[in-house]
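Residue strings, one per chain:
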Amino acid sequence: MSAVTGKAWVFGDEVNSDVMAPGIYFKESVDVMASHCLEAIDPDFAPNVQPGDIVVAGRAFGVGSAREQAALSFAHMEVGAILAKSYARIFYRNMLNFGVPALIFPEADEINPKDEVTVDAIAGTVENKTTGKSYTVSPIPEHLMEMISVGGLMPYLKKKIDAGELKTGAMPK
Amino acid sequence: MGETLIQKIMARASGKESVTPGEIVTCAVDLAMILDSGGPRKIWPRLEQLGVGVYDNEKVVVVADHFVPAADPQSAAILKLTRDFVKKFDIKHFYDMEGICHVLMAENGHLQPGMFACGGDSHSTMGGAFGCYMAGFGAIEMSGVVVTGDIWSVVPETIKVDWSGSFGPGVAAKDIMLLLARELGMENAFKVVEYGGETIRNMSMMERMVLTNMAAELGAETGLIAPDETTLEAIRAGGTEPAADALEWRSDDDATFCAEHTFDASTLAPQVAAPHKPSNSAPAQDYEKDQIHVDQAYIGACVGAKLTDLHMVASVLKGRQVKSGTRLMVAPSSKKIMKEAAADGTLATITEAGGMLLPSGCGACAGLGAGIIAEGEVCISSTNRNFQGRMGSNESFVYLGSPYTVAAAAVAGHIVDPREMLS
């Protein structure tokens, strides 16, 4: 995983997973689901976010439901990284499991919508190219680094299974 | 030095002598509960991709509760896929339209003090009422759990919350949680909330489960209540003999807590959370001056339609009628509860008052089933979460209250303090 640069989309505190993935679209495809991501609070986000863009948020980002669709929608739209003051625990785990770096970023207020931001999750650096400010952030926790570096939980498990390092049940015939 | 209950559980599950908060451990999973919503339909394709099966067909429990009963072809297909998964992987414990998963785990003796359990739903914290670790995870993480049978955790610190005194009439465990959401906030990630004190000791298991269920609303890893005779009785009622060491699973007297809070239940008033978050709460009587018209009163979900909850509703509705212009819908949390409430006359009281019964399932609480609301509508609900758009339209408004408070609003047609209707 290398550094990503993109446009910042900025959200406030306690943005919950119901607004990231509304229940009324649960049965739809991930395409449809993602197209409604955050529409209740920012209808411009889903139609306009570009691969590599950076989502910036306040406290308790992703609070609420365990629904993986909340995290999957960001992964599906190829968001480059998430920078939030703090995360709800299930959302944080889901995000990393989908291989999207979610970094704790106390200075979220210093990033404005549409700023150009570069995030290097491995090095633990953030650069706001619009304001010229640079930041050091805690990198991804070390025990998860290998999983993130191969692209998330599924590729990681595949690698372990292929290497014969994981014992589990067989796929029934 | 003393240890907290969560330290003891995680030490056992990770095969260590002891663990300390902040330590990262890998825990063996004793029970992995997956659901129609984020279970087989998400996990099966991943198992195909990996070319493996489940780690233990006795420990992976499947529940169909989110899209039940099927209301459209997509729901029907999801439920069929869920049943096919159970057959294909020879899953030993499957609950098909029996009720909501968290309540079923309790009703059917799946939970024991000291266990380490994971569920594919954020309110899996409810199981913590049995003195076990049970927490919610996303489908992607549960996909990993059903393959590996283990999961990483950061050993949490514990927030101790003690309640003393007895509730006045018309006050319930739900009011405790709506107050705690306001007092402790929703940002307690990677911490455990352990409830104790005389008030909790005197509660039924179903009321205790409200406290651990809504630990999710505090943002906590999970909620815990140390087991006692009430816990053991509930395990036996589910057809399982409690483990010999069941009562040993408790925090030591000299354990270290990151925060300790004490509250008095005797002065607690009914609470209502206003849109759009559970922490946005205030005493119910504060809402009366605004005469907030209620289009729908909803009794449902894992947290708010257990037998004790239906009894609260009936105590308000007895001899009264639901106000014209307001609709009351009641979806009992499980079929067993539906049957018990039918047998003891509770359902008759509800229907005589004008309430409508809905099937047991997650339903309208999560915007998935019958009872969702339209733009501009107001619902007061015994459920646990009122985020924007959760129960239907993004432009609808959900208030949260106890079953007493929801029933009282159904009768009054607006939000009132339910104590006015209870002598």
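Residues numbered from 1 in each chain as written. Chains lettered and ligands numbered in written order. Predicted model: local features only at pLDDT ≥ 70, side-chain atom pairs only at ≥ 80, totals over all residues.

Remarks on the overall build of chain A
- Summing up its helical and strand segments, chain A has seven helices and seven strands in all.
- Counting helices and strands in the order they occur from the N terminus, chain A gives β-α-α-α-β-α-β-α-β-β-β-β-α-α.
- Expressed as lengths along the three principal axes of its C-alpha atoms, the size of chain A is roughly 55 × 40 × 25 Å.
- Here the contacts in chain A between residues at least 6 apart in sequence split such that 63% fall between residues at least 24 apart. (Helix = DSSP H or I, 4+ residues; strand = E, 2+ residues; numbered from the N terminus. Contact = placed C-beta atoms within 7 Å.)

What to know about the sheet that holds strand β11 (residues 259-264) of chain B
Residues and elements named next belong to chain B.
- Here four strands make up an open sheet; going across it, the order is β10-β9-β8-β11 and the pairing parallel. The two strands at the open ends of the sheet, each matched to only one other strand, are β10 (222-225) and β11. Between one strand axis and the next, the sheet turns through 25° on average, direction left out of account.
- Those strands touched by helix α8 (residues 205-213) are β9 (191-196) and β10, and its axis lies near 145° from that of β10. (Pairing = 2+ DSSP bridges. Axes fitted to C-alpha atoms, helices over the stretch in contact; angles between N-to-C directions.)

Some remarks on the pairing of strand β17 (residues 378-381) of chain B
Residue and element names in this part refer to chain B.
- Residues of β17 alternate between two faces, with Val 378 and Ile 380 on one and Cys 379 and Ser 381 on the opposite face, all of them buried.
- Of the pairings in the sheet, the one linking strand β14 (residues 296-299) to β17 comprises three bridges and is parallel in character. In the sheet register, Gln 296 faces β17, and the bridge partner there is Cys 379.
- As defined by bridge partners, β17 adjoins strand β18 (residues 397-400) across four bridges and the pair is classed as parallel. Bridging across to β18, Ile 380 finds its partner in Tyr 399. (Buried ≥ 20, exposed ≤ 12 C-beta atoms within 10 Å, placed from the backbone.)

Some words on the nonpolar core
- Residues Ile 82 and Leu 83 of chain A together with Ala 32, Ala 117, Val 146, Val 313 and Ala 409 of chain B are the most contacted members of the largest nonpolar core, which totals 205 residues.
- Ranked by the residues each element gives to this core, the list is headed by helix α14 (residues 403-412) of chain B, at eight residues.
- Each of domain 1 (5-264) and domain 2 (270-421) of chain B accounts for three or more of the residues forming this core. (Core = buried A, V, L, I, M, F, W, Y, C linked by C-beta atoms within 7 Å. Domains from an automatic or database assignment.)

Regarding helix α1 (residues 5-13) of chain B
All names here are of chain B.
- Judged by how many residues are buried, α1 sits mostly within the fold: seven of nine residues are covered.
- Looking at α1, one finds that the buried residues are Leu 5, Ile 6, Gln 7, Lys 8, Ile 9, Met 10 and Ala 13.
- A positive phi of about 70° marks Gly 15, the residue just after α1.

Remarks on the interface of chain A and chain B
- Across the boundary between the two partners, chain A contributes 40 residues, which contact 49 residues of chain B.
- Those elements giving two or more residues to the side of chain A that touches chain B turn out to be α1 (17-20), α4 (68-76), α5 (89-97) and α7 (153-162) of chain A.
- Grouping the amino acids of the side of chain A that touches chain B by side-chain chemistry returns 21 nonpolar, 10 polar and nine charged. (Nonpolar A, V, L, I, M, F, W, Y, C, P; charged D, E, K, R; others polar.)

Let's talk about the domain arrangement of chain B
All names here are of chain B.
- Looking at chain B, the domain boundaries give domain 1 (5-264) and domain 2 (270-421).
- With centres defined by C-alpha atoms, the gap from domain 1 to domain 2 works out at 25 Å.
- Of all elements in the fold, only α4 (101-107), α6 (173-184) and α8 reach the threshold of two or more residues within the side of domain 1 that touches domain 2.
- The element best represented in the side of domain 1 that touches domain 2 is α6, accounting for six residues.
- Residue classes in the side of domain 1 that touches domain 2 are distributed as 18 nonpolar, eight polar and eight charged.

Quick word on the pairing of strand β4 (residues 93-96) of chain B
Residues and elements named next belong to chain B.
- One ladder, built from four bridges, connects strand β3 (residues 60-64) with β4; its direction is parallel. The residue of β4 that forms the bridge with Val 63 is Tyr 95.
- Taking the sense of rotation as the criterion, the β-α-β connection linking β3, helix α3 (residues 73-88) and β4 turns out right-handed. (Right-handed = clockwise from strand over helix to strand, strands pointing away.)

What to know about unusual backbone geometry
All names here are of chain B.
- Each neighbour pair has its own omega, and for Val 68 with Pro 69 the value is -20°, a cis peptide bond.
- As for its position among the elements, Pro 69 is in the loop between β3 and α3.
- Between Pro 275 and the following residue, His 276, the backbone shows a cis peptide bond with an omega angle of 0°.
- Its place among the elements puts His 276 in the loop between β12 (271-273) and β13 (281-283).
- Phi at Asp 90 takes a positive value of approximately 50°, unusual for a residue other than glycine.
- One can find Asp 90 in the loop between α3 and β4.
- Unusually for a residue other than glycine, Gln 291 sits at a positive phi of about 45°.
- Note on placement: Gln 291 falls in the loop between β13 and β14.
- When the 11 C-beta atoms within 10 Å are taken as the criterion, Gln 291 is described as exposed.

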